[in-house]
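In case you want the letters, here they are:
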Amino acid sequence: MVILDNRAPIGIYGGTFDPIHFGHLRPNLELCEILGLDHVRFIPAFLPPHKEKPQTQADHRLEMVAQAIKEEPFFVLDDREIKRGGASYTIDTLKGLRREFPDNPLCLLMGMDAFSGIDQWYHWQEILDYAHIVVSHRPQTVSGIDGWSETVRTFYLAHQSDREMFKKSLCGSIRLEAVTQLSISATDVRNRLKNEQSIRFLMPEAVINLIKYYNLYQ
Ligand code: ATP
């Protein structure tokens, strides 16, 4: 159980998690250590606005995330987007979290691929009114600032900041952080399952067991 330090930053990590894999888990543990996060909230999307509809129903994705993080005390499952239903807009999630945690800096954690398309998100310019953004490197995706559109680059350059700002202010900064690179994607995992290849060592055993139990991604 997380005992909240009501001044420490809280990490917020959204995704489809269809299925969750080590590429979602390891980078966030490192970000906890680097940024001194109180905890990271894993928030599975009900319907991601910028991706295809998930292959797996929401309650199975939720259960896979629960199993994946159950032994890591710094990780917390947050089902608010699934309970809310409809399109899962991050800005709505951030507004709810800000009401719930008025005194903690909020850090929206995402990979480089997600950040490079942030200017397509619903009300994206309001995100920094509620949270900081932490962008971590992700292999085989847009390599960095040079690969971003002019709009995203300008957004980053106007708000980039040092680590201390993440503790001193509740929201408003953007930071790039280097984490261990794991070239794993849910798309690749789904393809392997379709082709009857092994997915061992790409995700926790408990998630693999659930995939087998529910016969997912056939
Ligand atoms: P898909 O292959 O279905 O698109 P995905 O593996 O990219 O899925 P998502 O649930 O869509 O996973 O991603 C949620 C978040 O996790 C995004 O911010 C994304 O950048 C990040 N992410 C996913 N895989 C990795 C990885 N291997 N390394 C670092 N970040 C990752």
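Residues numbered from 1 in each chain as written. Predicted model: local features only at pLDDT ≥ 70, side-chain atom pairs only at ≥ 80, totals over all residues. Heavy atoms only, no water.

> Describe the site of the ligand, listing the residues and the values that go with them.
Around the ligand, the surrounding shell holds 20 residues, and the nearest of these are Y13, K51, D113, L182 and T187. One nitrogen or oxygen atom from the main chain of A186 is found 2.8 Å from an oxygen atom belonging to the ligand. The contact in question runs from an oxygen atom of the ligand to an N or O atom on the side chain of T187, over 2.5 Å. When the ligand is considered free in solution it has 600 Å² of accessible area, and contact with the protein chains removes 91% of it. Mapped by element, the contributors of at least two residues to the shell around the ligand are β1 (10-15), α1 (22-35), β4 (106-111), α5 (112-116) and α9 (186-194). Per-class residue counts for the shell around the ligand are seven nonpolar, nine polar and four charged. (Near = heavy atom within 4 Å. Polar contact = N/O pair within 3.5 Å; in protein donor to acceptor, adjacent residues only side chain to side chain. Areas by Shrake-Rupley, 256 points an atom, 1.4 Å probe, with all protein chains shown as cover. Helix = DSSP H or I, 4+ residues; strand = E, 2+ residues; numbered from the N terminus. Nonpolar A, V, L, I, M, F, W, Y, C, P; charged D, E, K, R; others polar.)

> Account for the pairing of β4, naming residues and giving values.
Taking burial as the measure, the six residues of β4 include six buried ones, the bulk of the element. Going residue by residue along β4, you find L106, L108 and M110 tucked away on one face and C107, L109 and G111 tucked away on the opposite face as well. With three bridges joining them, β1 and β4 adopt parallel strand pairing. Across the sheet, I12 pairs through a bridge with L108, a residue of β4. (Buried < 20%, exposed > 50% of the residue type's maximum accessible area, 1.4 Å probe, protein only. Pairing = 2+ DSSP bridges.)

> I'd like a description of the environment of C32, backed by residues and values.
Following the sequence through the fold, C32 ends up in helix α1. Each C-alpha atom of the pair C32 and P9 lies 9.3 Å from the other, and the pair is 23 residues apart in sequence. Once you skip the residues sitting within four places of it in the chain, C32 turns out to touch L37, V40 and F74. (Contact = heavy atoms within 4.5 Å.)

> Tell me about the state of the cysteines, and please be specific about residues and values.
Disulfides are covalent bonds that link the sulfur atoms of two cysteine residues. Across all of its chains, the model carries zero disulfides by this definition. Free of any disulfide, C107 has its nearest neighbouring cysteine sulfur in C32, separated by 10 Å. The exposure class of C107 is buried, given its relative accessible area of 0%. The thiol of C171 is not disulfide-bonded; the next cysteine sulfur, from C107, is found 10 Å away. (Disulfide = S-S within 2.5 Å.)

> Kindly report on the pattern of salt bridges, identifying the contributing residues and their values.
Inspection of every chain in the model, using the stated rule, returns ten salt bridges. Between R80 and D78 there is a salt bridge, with its nearest N and O atoms 2.9 Å apart. Classification of R80 as buried rests on a relative accessible area of 17%. With its nearest N and O atoms 2.9 Å apart, the salt bridge here joins R192 to D188. On the criterion of helical spacing, the pair formed by R192 and D188 is a turn pair, its members being four residues apart in helix α9. Connected through salt bridges with shared partners, the residues R41, D78, R80 and E100 form a single ionic network. (Salt bridge = Lys/Arg side-chain N within 4 Å of Asp/Glu carboxyl O.)

> I'd like to hear about the packing of helix α2 (residues 58-69) against helix α10 (residues 205-214), residue by residue, with values.
Relative orientation and spacing of two packed helices are given, respectively, by the angle between their axes and the distance between those axes. Two elements in contact, α2 and α10, have axes whose closest approach is 8 Å; the angle formed by their N-to-C orientations is 150 degrees. The angle between α2 and α10 places the two elements in the roughly antiparallel class. Handedness of the α2/α10 crossing: right-handed. Contact residues: α2 offers H60, E63, M64, Q67 and A68, while α10 offers A206, V207, L210, I211 and Y214. Among the residues forming the contact of α2 with α10, the class breakdown is seven nonpolar, two polar and one charged. (Axes fitted to C-alpha atoms, helices over the stretch in contact; angles between N-to-C directions. Parallel < 35°, antiparallel > 145°, perpendicular 65-115°, else oblique. Left-handed = near helix turned anticlockwise from the far one by under 90°.)

> I'd like to hear about the packing of aromatic side chains, residue by residue, with values.
Tallied over the full model, the rule gives ten aromatic pairs. Joined through ring pairs, the aromatic side chains of F115, W124, W148, F155 and Y156 make up one cluster. (Phe/Tyr/Trp six-rings, centres within 6.5 Å; stacked < 30°, edge-to-face > 60°.)

> Explain the sheet that holds β4 residue by residue, including any values.
Spatially, β3-β2-β1-β4-β5-β6 is the arrangement adopted by the six strands of the open sheet, whose pairing is parallel. For this open sheet the edge positions go to β3 (75-77) and β6 (174-177), each flanked by a neighbour on one side alone. The sheet shows a mean angle of 30 degrees between the axes of neighbouring strands, direction not considered. Across five bridges, the pairing between β4 and strand β5 (residues 132-136) is parallel. Bridge assignment links L109 to a residue of β5, and that residue is V134. Contacting β1, β2 (40-44), β3, β4, β5 and β6, α1 crosses the sheet at an angle of about 150 degrees to β2.

Note that all results are geometric; they support no functional claim without further evidence.
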